Amino acid sequence: MSGMYRNRVKSKPSNPRISFQRVVQLVSAVLVNGYLIGFQKGKIFTGSSKALCVPVLNCYSCPGALGACPVGSLQFALGGMKRHFPFYILGLLMLFGIVLGRVVCGLLCPFGLVQDLLYKIPLPKIKVPKRIDKPARWLKYVVLLVFVILLPIFAVTKIGIAPPYFCKYICPAGTLGGGVPLMIADPMLRKLAGMLFGWKMLVLVVILTVSMLIHRPFCRYLCPLGAFYALFNRFSFFQMKLEPSKCVGCQKCEHTCPMAVEVTKNINSTECIRCGKCKSVCPTGAISSGISLLEKGK
Ligand code: SF4
Ligand code: SF4
């Protein structure tokens, strides 16, 4: 770094023990899974709040879940017995998308928190080459389109309903939050566990293992909810902002970004989960974020 820049780069005070992001993630995880006694009993909460969707990927069958998962609900609406256009679910997701974009991924999603914590394990980390990383990120849109929308609409069984394909064959959050606690608490379920549960466990173990080596692999490559919110990132009310005149090109932001966003070139990328890490490490305060309602009209 040149001498001219060195004067402008003041070292930031050391990070507090627990970041704002972590506090919000923990509060959110507890709020959406607040029926703690369910874990002890091995029983799913069935109160009236279960009719409402939460904005994050959080399995309906998690014993603590107080609300429904929007991805599961979407598949149920499209492929269930009483098929209907999912006005409520899409409306809710669009509302969160328009206001916050992928803030939901960075701050509110419990499975995002799981991946963040696993990445903290001190193991050698893998930087995915761009030629693999870039095309692989399209996978999550394929998962959204095929497993959450098209298969539930068209691949129906003889009795006219479709299983929730994403939940049944892929969702690691469902296995971790629902399948595993229920199996632990209920010996009968353990006896009934077959090939499908084995497959789901394999998917879960692979994703959790990769999460120790690559930051947020599920969010980057597979999550259909992340794909949905990504569509709103560029024009959501909540925006990240980089002030080029303050930037000294130190690249600290890019080195710290969990989603490998090219922060100085494309800060409101569809991949940005608005975790705020770039903002907190930037030594010149070049990065800001917030709801920019007034700037929308400019
Ligand atoms: S660009 Fe910044 S806010 Fe977005 S994911 Fe990367 S570190 Fe987080
Ligand atoms: S925006 Fe990124 S590259 Fe620019 S000064 Fe801040 S941390 Fe360094």
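Because the structure is predicted, anything quoted here is derived from the model rather than measured.

Q: Quick one: what's the story with the site of ligand 1, residue by residue and with numbers?
A: Ligand 1 sits among 14 residues. The nearest are C257, C272, C275, K277 and C278. For the shell around ligand 1, the class distribution of residues is 11 nonpolar, 1 polar and 2 charged.

Q: Give a description of the site of ligand 2 that names residues and reports values.
A: C247, C250, K252, C253 and C282 are the nearest of the 14 residues found near ligand 2. Each residue belonging to the shell around ligand 2 can be placed in one class, and the counts come to 9 nonpolar, 4 polar and 1 charged.

Q: Tell me about helix α13 (residues 195-211), and please be specific about residues and values.
A: Along an α-helix, a turn takes 3.6 residues, which lines up residues three or four apart on a common side. The end-to-end C-alpha separation of α13 is 24 Å, in line with the 24 Å expected for 17 residues at 1.5 Å each. For α13, the set of buried residues is K200, I207 and S211. All buried residues of α13 project into a common sector of 45° when viewed along the axis, lining one side. Across α13 from its buried face, at more than 90 degrees, point the exposed residues M195, G198, L202, V205, V206 and T209. Of the surrounding secondary structure, the elements contacted by the buried residues of α13 are α7 (110-119), α11 (172-185) and α14 (217-221).

Rules of the game
- Along every chain, residues carry numbers that run from 1 in the direction the sequence is written.
- Here the convention is simple: chains get letters from A, ligands get numbers from 1, in the order in which they are written.
- Totals for whole chains, interfaces and linings use all residues, but because this is a predicted model, local features are given only for residues with pLDDT of at least 70 and pairs of side-chain atoms are given and counted only at 80 or more.
- Nearness here is judged by the C-beta atom: place it from the backbone, and if it falls within 6 Å of a molecule or strand, the residue counts as near that partner.
- Residues were grouped as follows: Ala, Val, Leu, Ile, Met, Phe, Trp, Tyr, Cys and Pro as nonpolar; Asp, Glu, Lys and Arg as charged; and all remaining residues, including Gly, as polar.
- Numbering of helices and strands starts at the N terminus; helices are DSSP runs of H or I of at least 4 residues and strands are runs of E of at least 2.
- One less than the residue count of a helix, multiplied by 1.5 Å, gives the span that helix is expected to have.
- Using C-beta atoms placed from the backbone, we call a residue buried if 20 or more other C-beta atoms fall within 10 Å of its own, exposed if 12 or fewer do, and partly exposed for counts in between.
- The directions from the helix axis to the C-beta atoms form the arc being described.
- Two residues qualify as a contact pair if the distance between their C-beta atoms, derived from the backbone, is within 7 Å.

Everything listed here is a matter of coordinates, which is why it stays silent on function.
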